[in-house]
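Residue-level structural notes
One-letter residues, chain by chain:
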Amino acid sequence: MKIEGVDAFSLLGINDHHLQLIEDRFSADIIVRGENITLRGEPSEVQQIERIFKELTFLLTKNGTLTSNDVDTVLDLVAVDSPSQSQLRAQFPKDEMDSIVLFTKNAIIKAKTPGQREYIRRVQLNDIVFAIGPAGTGKTYLAVAMAVASLKNREVNKIVLARPAVEAGENLGFLPGDMKEKVDPYLRPLYDALDDMLPSEKLKTYMERRIIEIVPLAYMRGRTLNNSFLILDEAQNATAMQMKMFLTRLGNSSKAIITGDVTQIDLPTKTTSGLVQIQEVLQSIEGIDYVYFDRNDVVRHRLVKDIIDAYAKFGEKQDNGKK
């Protein structure tokens, strides 16, 4: 579509503020090049965005100016006539509806096991949830999906995903590249999850505007995060002090999920894992809960369950040999 009959600067707003308000409501990509607007996404969303631009163009032509309130009003009016997530959920049976976390362009992200359903329920009921269990149980993926859903539903204004780059340790300075290039490999699983849930242009916009941040755990120090959804992944590799530091970043109207596998600790032998210690420190505190996954919650390749079982049996054999 093309911007016709009005000034593009007035339509899009100062520093594209009006455009950003529209982008925040939709998953579709909105690409502006001069007077040309390219829309990429679900046909229903593309139609809504086209209608929004037509309404805004009409208002701008009529009044000579366009305010943020005008944009919000048009967005709300168009939303009334469009299928919301709640309307989409209504198309599913009740038992399946409660398992759905997020609708994306290519899939429906939902709980696949009883353990995952309980995970979603406890996150809804608590501000801090610890998800502990083996690889492949969907701990991180569902956490990211719940964060994206909260952002889309305007329950939070920001998502912060953190991970300890413990493997790099003191050798980080010897790795090639700048700091971002050094730590990105440790954050890649979080990028991969977001890539599944948000269009590339939308994700890029959110990252540039710091609506979504993916950072090494050490970068969390000194911050207070209000109206945010925080996720700490691979928390078994956070020290006790790092765990305390992360948990005390939580501000007003914020929520946090901490995920990890206590059987895969990469910290030095004499260093206590913050995820192990926290289960003793934070007991019976209202608003904090724990979810424990096992092999029955594994949703990766069928062999992953067998691998987990094999390692468990091997560990038992070694322990028995030491007695």
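Below or above, wherever it landed, is the structure these notes cover. These figures come from a predicted structure and were not determined experimentally.

Turning our eyes to something else, we now look at the nonpolar core. Residues Y119, M146, L161, L194, I212 and F229 are the most contacted members of the largest nonpolar core, which totals 38 residues. Here this core takes nine residues from helix α8 (residues 139-152), the largest share from any one element. What L161 contacts, discounting residues up to four positions off in sequence, is V144, L190, L194, I212, E213, I214, V215 and I231.

This part takes up the packing of aromatic side chains. Throughout the structure, instances matching the rule amount to three aromatic pairs. With centroids separated by 5.2 Å and ring planes inclined at 85 degrees, the aromatic side chains of Y119 and F293 adopt a geometry described as edge-to-face. Residue Y119 is located in helix α7 (residues 114-125), and its partner F293 is located in the loop between β10 (288-292) and α13 (302-322); the two are separated by 174 residues in the primary sequence. In this pair, the class of Y119 matches that of F293, namely buried. Ring geometry for Y290 versus Y292: centroids 6.3 Å apart, planes at 15 degrees, classification stacked. For Y290, a relative accessible area of 14% corresponds to the buried category. The structure contains a cluster of three or more aromatic residues connected by ring pairs, namely F130, Y290 and Y292.

Right, let's talk about the sheet that holds β10 for a bit. Sheet architecture is open: six strands sit in the order β7-β6-β8-β9-β5-β10, paired in parallel fashion. Strands at the two margins of the open sheet, each flanked by one partner only, are β7 (212-216) and β10. With direction set aside, neighbouring strand axes in the sheet form an average angle of 15 degrees. Of the pairings in the sheet, the one linking strand β6 (residues 158-163) to β7 comprises five bridges and is parallel in character.

This next bit is on the pattern of salt bridges. If you walk through the whole model with that rule in mind, you get ten salt bridges. Between R210 and E213 there is a salt bridge, and its shortest N-O distance comes to 3.1 Å. For R210, a relative accessible area of 49% puts it in the partly exposed group. For E213, a relative accessible area of 5% gives the class buried. A cluster of three or more residues bridged by salt bridges with shared partners is formed by E118, R121, R122 and D289.

Glancing now at helix α3 (residues 43-63). Every α-helix carries 3.6 residues per turn, so stepping three or four residues along brings you back to the same face. For α3, which comprises 21 residues, the first-to-last C-alpha distance of 30 Å matches the rise-based estimate of 30 Å (1.5 Å per residue) to within 8%. Within α3, burial applies to E45, V46, Q48, I49, I52, F53, L56, T57 and L60. Within two residues after α3, G64 carries a phi angle of roughly 85 degrees, on the positive side.

Attention now goes to the environment of T57. In this structure, T57 sits in helix α3. With 47 residues separating them along the chain, T57 and S10 place their C-alpha atoms 9.6 Å apart. Leave out the neighbours within four places in its chain, and T57 touches E4, V6 and L11.

End to end, α7 covers 17 Å across twelve residues, agreeing with the expected 16 Å (1.5 Å per residue, within 8%). Of all the residues in α7, the buried ones are G115, Q116, Y119, I120 and V123. The buried residues of α7 occupy an angular sector of 145 degrees when projected down its axis, which confines them to one face. Opposite the packed face of α7, turned more than 90 degrees from it, sit the exposed residues P114, Q124 and L125.

Before going further, it helps to examine the environment of F58. Counting through the fold element by element, F58 comes out in helix α3. For F58, a relative accessible area of 52% translates into the label exposed. Taking the C-alpha atoms as reference points, F58 and G5, 53 residues apart in sequence, are found 9.5 Å from one another.

Relative orientation of the contacting elements α7 and α8 amounts to 40 degrees, with a least axis distance of 11 Å. Comparing the axis directions of α7 and α8 gives the class oblique. Relative to α8, the crossing made by α7 is right-handed. Where α7 abuts α8, its residues Q116, Y119, I120 and V123 lie against K139, L142, A143 and M146. Split by residue class, the contact of α7 with α8 holds six nonpolar, one polar and one charged.

Criteria and cut-off values
- Residues numbered from 1 in each chain as written.
- Predicted model: local features only at pLDDT ≥ 70, side-chain atom pairs only at ≥ 80, totals over all residues.
- Heavy atoms only, no water.
- Core = buried A, V, L, I, M, F, W, Y, C linked by side-chain atoms within 4.5 Å.
- Buried < 20%, exposed > 50% of the residue type's maximum accessible area, 1.4 Å probe, protein only.
- Helix = DSSP H or I, 4+ residues; strand = E, 2+ residues; numbered from the N terminus.
- Contact = heavy atoms within 4.5 Å.
- Phe/Tyr/Trp six-rings, centres within 6.5 Å; stacked < 30°, edge-to-face > 60°.
- Pairing = 2+ DSSP bridges.
- Axes fitted to C-alpha atoms, helices over the stretch in contact; angles between N-to-C directions.
- Salt bridge = Lys/Arg side-chain N within 4 Å of Asp/Glu carboxyl O.
- Expected span 1.5 Å × (residues − 1).
- Arc of directions from axis to C-beta.
- Parallel < 35°, antiparallel > 145°, perpendicular 65-115°, else oblique.
- Left-handed = near helix turned anticlockwise from the far one by under 90°.
- Nonpolar A, V, L, I, M, F, W, Y, C, P; charged D, E, K, R; others polar.

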